[in-house]
Structures are given as structure tokens and as C-alpha cells.
Amino acid sequence: MMNRKLTATLCVIVSVQCFGLSRTATADEYEAFTEPYRRIQVSSSEMGVVTELKAREGAEVREGQVLAQLDDALLRKTLEVSRAAKDAVGGKTAAEAEVVIREQQVQSYRRLFTQGNATPRELERAENDHRQALARLQSVTEELSVRALEYQRVICQLEQRRILAPSDGVVIALAKEVGEFVSPTDPILLQLVQLDRLKAVFSVPLRRIDSLSDGQSVVVRVGGSRKAVLGTLEHISPVATAESGTVRVRVVLPNENRTLRSGVVCWLDVEASARNIQSKPARISDAPVILSPAVR
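My aim in this report is to walk through the structure given alongside it, one point at a time. (Residues numbered from 1 in each chain as written. Predicted model: local features only at pLDDT ≥ 70, side-chain atom pairs only at ≥ 80, totals over all residues. Heavy atoms only, no water.)

## Details of the environment of Ser43
Convention followed: Numbering goes from the N terminus for both helices and strands, where a helix is a DSSP run of H or I of at least four residues and a strand is a run of E of at least two. Contacts are assigned to residue pairs that have any heavy atoms within 4.5 Å of one another.
On the secondary structure map, Ser43 appears in strand 2 (residues 35-43). When the C-alpha positions of Ser43 and Leu189 are compared, they lie 5.4 Å apart, and in sequence the two are 146 residues distant. Aside from chain neighbours lying at most four places away, what touches Ser43 is Ile163, Pro187, Ile188 and Leu189.

## Focus: the side chain of Asp72
Mapped onto the fold, Asp72 is located in the loop between strand 5 (66-70) and helix 2 (73-87). Sequence-distant contacts of Asp72, defined by excluding residues within four places in its chain, comprise Leu158 and Arg161.

## Concerning the packing of aromatic side chains
Applicable threshold: When the centres of two rings from Phe, Tyr and Trp lie within 6.5 Å, Trp using its six-membered ring, the rings pair. Their planes under 30 degrees apart give stacked, over 60 give edge-to-face, and anything left gives tilted. In our convention, an over-ring charge means Lys NZ or Arg CZ found within 6 Å of a ring centre and within 35 degrees of that ring's normal.
Applying the stated criterion across every chain yields a total of 0 aromatic pairs. Here the guanidinium or amino end of Arg197 rests over the ring plane of Tyr37, the centre of that ring lying 3.9 Å away. Note that Arg226 overlies the ring of Trp267, its terminal NZ or CZ placed 5.0 Å from the centroid.

## A look at the nonpolar core
Under the convention used in this document: To define a nonpolar core, start from buried Ala, Val, Leu, Ile, Met, Phe, Trp, Tyr and Cys residues and group those joined through side-chain atoms within 4.5 Å. With a 1.4 Å probe rolled over the protein chains alone, any residue whose accessible area is under 20% of its type maximum counts as buried; one over 50% counts as exposed, and the rest are partly exposed.
If you look at the biggest cluster of nonpolar residues, it comprises 25 residues, and the most contacted ones within it are Phe202, Val204, Leu212, Val220, Leu253 and Leu268. Counting only elements with at least two residues in this core, the list comes to strand 1 (29-33), strand 9 (188-205), strand 10 (217-222), strand 11 (227-241), strand 12 (246-254) and strand 13 (265-269). With 6 residues, the top contributor of residues to this core is strand 9. Counting 15 residues, the second-largest nonpolar core is a separate cluster that includes Leu67, Ile163, Leu189 and Leu190.

Structural measurements only, silent on function.
Pasting the structure below:
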């Protein structure tokens, strides 16, 4: 019985030692999860009722594409009023005609004054009337300019009621349905993610940070198959986490063909990346990168 217990104990010790060796073999790999490169909560700066949704969940959209429309019936009527006010030039025409008449009167009084047939007071009154006519014309012109700006403002308000895609991406969730009200306290209509590139944020120990640099090509192994992906190290945090002694490192992975899925476990292979410092075009290899026995 004692021999059996001793044998079992030795097996456990050997297993623990082997497990420790296997962990040492992957000590230069650091785990994270793939994420969309950008995650955008598309919202409205205006409040109103949603009258149309032009995107569905899972749809790919392009930057500037119309995603939703808010009720704009009142604004369209306001636009008609503003257009009519902007195009009303009757007051300006009358003011211009008055300026012409007052100018002719001034010239007439000046001739009479030089001939001695008009007093200085009469000439001065005619000149004052001319200046007042010019001021009225200026006032009408400024009012038309304000009306034109008001017309442009209504156009901008109408544009803001059309919700546009801020970038290329995929719609993953709709927060509103047709007929629902969008308010300043609840302005989000849908969620958009960018999947043509993915990112992964790794916590790398301080002792390994010196072997990494911004813009470096790095090897990331993705998913259960540990497919090797050549990504780009986009950012190294200038601040370390004191509790864990690690630094956050953000890596960007190419995904134009959507071969990688977001939310999948991945590992940053620092040792393989250190041998791959030279810049290479971003690509996804079909087979895993093979490490030498020494690295294993």
C-alpha cells in the first residue's frame, strides 16, 4: 500500500513539473481577445420620431450612407417659409428706387444753390434725405442677408435629421425602431463596428517591452487553431500598471476578407515577433508559424 501511495505521489510531482515546463515553453505568449477596430454608438443630435430605418442588423454600410430618418415635416414647411422670405425683394427694390430719387434731388438742389435759387438749409435737407434713403437700403440688404442665413440654417437642420454612417462598418444592433422617439437623454439609434481591421490589447510584462516598438510587425496566434496572423503594433502605453507590472499593448490585425472573427481568444507571440522586426506587408498565413525547438 505504501509503494502505491509513493508511486502516485511521484506521478503527481512529475505531472506538475511537466506542466511547469509546458508553461515555460509558452511564457512569451500573452493572451487577449480580438475586438472590432472601432465601435461606434450612432446617435442623433436632433430629437424626433424615427420615420424610417434604412439599415438592418448585419448590414454592411459605407461612410455617408443614410441609416435612419427622423420626422421632418415641420422643418420642410419652415424651409418653404424661409425660402419665400429670402426671395422677397420688393422692399429692396423700393429702397433702391428711393435712393435714386433722393440722389436726383440732391443734384438738383446743388445746381439751384450754385445759381442762388436755393438756400443752404434746403440743400442740407435734401442731402439728409439722401443719406436716410441709403441707410434704409442698407437695412433692407442686411435683412435679406439674415433671411438667406436663416434659410441655410433650416437646410442644416433638415440634414441633421438624416442619420449618416460616420464610417464604413457593419451594423450589429438597432436601439430604435420606426415610430420610437429619439430624445436628448436617449439619442442612440444603432451600433456600428469596423471589422475590416481588428485590434487586440495585450498586457505585456515590463521585462519584454524593450523588445517591442510602435509600428513593428508582430505575430499573433488566433483562435483554437492558433492561426498565425501578422499584425502591426499600433500603440504601447507610456504608463505601466503597477499592480501587475505590465504595459498595455494594442495590436491591429488585417481582416479585409473577414476571415477573423471578433471576440476570439488570441496570443501575442513576443519571441516570434522579435525575429520578425523587419517590416512586412500585413497578411494572414494559411499555416501556423513554426518555432524552432529551442524556442519551444
